[in-house]
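Here is what each chain is made of, one letter per residue.
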Amino acid sequence: MAQSEFNLDHEISWFVLPSYWAKIIVGLISCMCFANSYDGDFVFDDSEAIINNKDLRAETPLGDLWHHDFWGGKLSSNTSHKSYRPLTVLTFRINYLFAGGFHPVGFHVINIILHCAISVLMVDVFSILLGGLQYSSKGRRLNLAPKASLLAASLFAVHPVHTECVAGIVGRADLLCALFFLLSFLGYCKAFRENKEGNHFSILWVLASVLLGAIAMLCKEQGITVLGLNAVFDALVINKLNILELIQKVLHTDKSLENVGLFKKGLLFRITLLLSGGATMLCMRWRIMGTGPPAFTEVDNPASFADSLFVRAINYNYYYSLNAWLLLCPWWLCFDWSMGCIPLIKSVSDWRIIALAALWFCLIALICQALCSQDSHKRRILTLGLGFLIIPFLPASNLFFRVGFVVAERVIYLPSIGYCMLLTYGFSLLSKQAKKKKMLAAAVLGILLINVLRCVIRSNQWRSEEQLFRSALSVCPLNAKVHYNVGKNLADKGNQTAAIKYYREAVRLNPKYVHAMNNLGNILKERNELQEAEGLLSLAVQIQPDFAAAWMNLGIVQNSLRRFEEAEQSYWTAIKHRKKYPDCYYNLGRLYADLNRHIDALNAWRNATVLKPEHSLAWNNMIILLDNTGNLAQAEAVGREALELIPNDHSLMFSLANVLGKSQKYKESEALFLKAIKANPNAASYHGNLAVLYHRWGNLDLAKKHYEVSLKLDPAAPGTKENYSLLKRKLEQLQKKGNV
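Worth saying up front: this structure is predicted, and the values here are computed from it rather than measured. (Residues numbered from 1 in each chain as written. Predicted model: local features only at pLDDT ≥ 70, side-chain atom pairs only at ≥ 80, totals over all residues. Heavy atoms only, no water.)

Trainee: Give a detailed account of the packing of aromatic side chains, specifying residues and quantitative values.
Mentor: In this structure the tally under the stated criterion is 26 aromatic pairs. With a centroid separation of 6.1 Å and 45° between ring planes, the pair formed by Phe70 and Phe92 is classed as tilted. Here Phe70 is found in the loop between α3 (46–51) and α4 (86–99), whereas its partner Phe92 is found in helix α4, with 22 residues between them in sequence. Of the two residues, Phe70 and Phe92, both sit in the buried class. Ring plane angle 5° and centroid distance 6.3 Å describe the contact between Tyr694 and Trp697, whose orientation is recorded as stacked. Here Trp697 and Tyr694 lie together in helix α31 (residues 684–697), a separation of three residues that amounts to about one turn. Relative accessible area serves as the criterion here: at 2%, Tyr694 is assigned to the buried category. Within the aromatic cluster, the residues linked to one another by ring pairs are Phe42, Phe70, Trp71, Phe92, Tyr96, Phe102 and Phe107. (Phe/Tyr/Trp six-rings, centres within 6.5 Å; stacked < 30°, edge-to-face > 60°. Helix = DSSP H or I, 4+ residues; strand = E, 2+ residues; numbered from the N terminus. Buried < 20%, exposed > 50% of the residue type's maximum accessible area, 1.4 Å probe, protein only.)

Trainee: Describe the state of the cysteines, listing the residues and the values that go with them.
Mentor: Going through the model one piece at a time under the given rule, you end up with one disulfide. At a sulfur-sulfur separation of 1.9 Å, the disulfide partner of Cys341 is Cys476. Residues Cys341 and Cys476 are joined through a disulfide that is left-handed, its torsion about the S-S bond being -40°. Taken as a pair, Cys341 in the loop between α13 (309–328) and α14 (353–372) and Cys476 in the loop between α18 (465–473) and α19 (480–492) lie far apart in primary sequence, 135 residues in all. In this structure, Cys341 and Cys476 share a single accessibility class: buried. (Disulfide = S-S within 2.5 Å.)

Trainee: If you had to explain the pattern of salt bridges to someone new, which residues and values would you point to?
Mentor: For the structure shown, the criterion picks out 26 salt bridges. The closest approach of N and O atoms between Arg470 and Glu466, which form a salt bridge, is 3.9 Å. Of this pair, Arg470 and Glu466 both sit in helix α18, four residues apart, which is roughly one turn of the helix. You can call Arg470 partly exposed: its relative accessible area is 34%. (Salt bridge = Lys/Arg side-chain N within 4 Å of Asp/Glu carboxyl O.)

Trainee: Let's hear about the confidence of the model for the protein chain: which residues, and what values?
Mentor: Low-pLDDT stretches of the model should not have their predicted coordinates read in fine detail. Per-chain confidence: the protein chain averages 88 in pLDDT, with 93% of residues scoring 70 or above. Of all the helices and strands in the protein chain, helix α1 (residues 8–11) carries the lowest mean pLDDT, 69, while helix α26 (residues 598–611) carries the highest, 96. The model gives residues 1–5 a pLDDT under 50, and that stretch makes seven contacts with residues more than four places away or in other chains. (pLDDT = per-residue confidence, 0-100. Contact = heavy atoms within 4.5 Å.)

Trainee: Before we move on, could you go through the nonpolar core and cite the residues and values that matter?
Mentor: Membership of the largest hydrophobic core comes to 208 residues, with the highest contact counts inside it found for Phe126 and Phe185. Here the element with the most residues in this core is helix α5 (residues 104–131); it accounts for twelve residues. Contacts of Phe185, omitting those with residues within four sequence positions, involve Val125, Ile128, Leu129, Val226, Asn230, Phe233 and Phe388. Listed in part, the twelve residues of the second largest apolar core include Ala49, Ile50, Leu65 and Phe70. (Core = buried A, V, L, I, M, F, W, Y, C linked by side-chain atoms within 4.5 Å.)

Right, here's the structure in full:
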């Protein structure tokens, strides 16, 4: 005998509010959770995706966005990660344009607004998922679960696992994808506005839903999964398909399949449209990629490189259980879970196997209930909940292709919809059994408040790299990348001693971490600990022979050790692996200058300025070398060329002013000296050389004034004391002649 269905809303002890008030409240609490991240910095991946991404700049043609990956690299390159998200990059570009540069506030505000909009949309989405799809005689959709949809949307809005997507600007890809994902789902629902049974439906709305799914995919790859969810929704809600009954009929080769609704109400036609749309998207996506799938390294996803199929399978399932735990208990959050953060499970004796067993026990129990329950309402909610939990997660599951991470909080933004739906349904079951319903409602309210507090704390940690990286030390102490990033942040702030400690720990945790070796070698080089620096850099290029930056830094160390031939070879190896490497050409020029190979030095610096026209150091070195070798006319020409490209560079003004002074172009030289001093008034050499100019020119009072300023700024300024003494003697002689 069939169990009687119960109304989900009747069993929930929660607030009943009009739809517009429910949306306002959800919008406000979602904003409150992440509002304190509005004035945060660019952190972690923001540097590569935004600051160093040339696709954001006006000089890059808009058409390039359709041929580049998320990070601004060419999709056809073998080194590309193949993250194709042109619409997300376009929004970054618009942000950059309106902000007039890289000002993070505007970027953060848009992310917060997007999450608020998505949370508000979730009220409508959950009302359909939990209450069903019904329209009034006037064509307005009815909300049959106002309490349940408000609770589920509130749980979604304040979930701490969303912090990475909202407070991290790169998370906009997930937010935009989720926005168009939900619009695609709601658009699909509108196709049945005239007839909820599906006998009559709007092909235009079905096609619009496919188009919105394509837009979601152009924001992030997960977006394509909405087509699968639309198909599941159509089968379960519109066609009221009983999956267990269908399976039984298929297994028994029953000729009455049409009785279960598979061929009725246009279901197959609509699914064909969805499949065709999805296949077209995938074909276009693969064609745009140009080459095969992206190439990741073992440190990105160690389980996928395991030789044993058993080890791969067991670790993939452990990763799934960790994602489930982050949804259940989002207290331990980390910006990166790779590089030893989660050691591989290599045998069944590992106690972590319990997590896998628990995950699959829960999933199998839910699947059995979803398939076997006599209550169609329960079947629908559980199946849709599992669908929203699992289907959007599939691209990150390693089942179809290798992904470049172990666990990533951002990829469970969409799956959390299914989690919130299942949690709300569980709360309704508890409410049905509980005698003290108000106490249960208070407990749920307490969970919401705790989550709000956790969101505020976590979004505050995302405001700066120092807080973000340090917060990860307690969560993933075995993660070499965490220690590397803490060290890099300290080094950028000038705290080299502390940075060395973290870099050493990163190398200890991952002896093949070449980037940590390179950065540690750089610091040791600056501290004149050249032998250890050379050892680290040599090991780095041995591990990764195409690591151009390490080759260049090794060349600098070898140059300092006066092993010039080896240094030259290292520089050319770096250039071999990175053709356009202006900094390497600059250092190669310095090597040639030390060896008095002046023409080679000038050619190397010229290459640096061709590759990077704003390379001030290379321009300066060319001017100084030409000046020192007596080629004043050529030095002047190079100086003028440099200032045309970098008109506000005071060091170039200074170098050219010196050349003009030697060429007796005193007036022009004076103007450039004064302009350089205005830009950098505390440079003792600027005042000292201007004084020399006045001394030569015969403006002795002005010479005396600037000699004194120079000595005040730097009492040990080389040559200035002697020149000042000569000037004073000359002034004394002139004074004696005047008295006579």
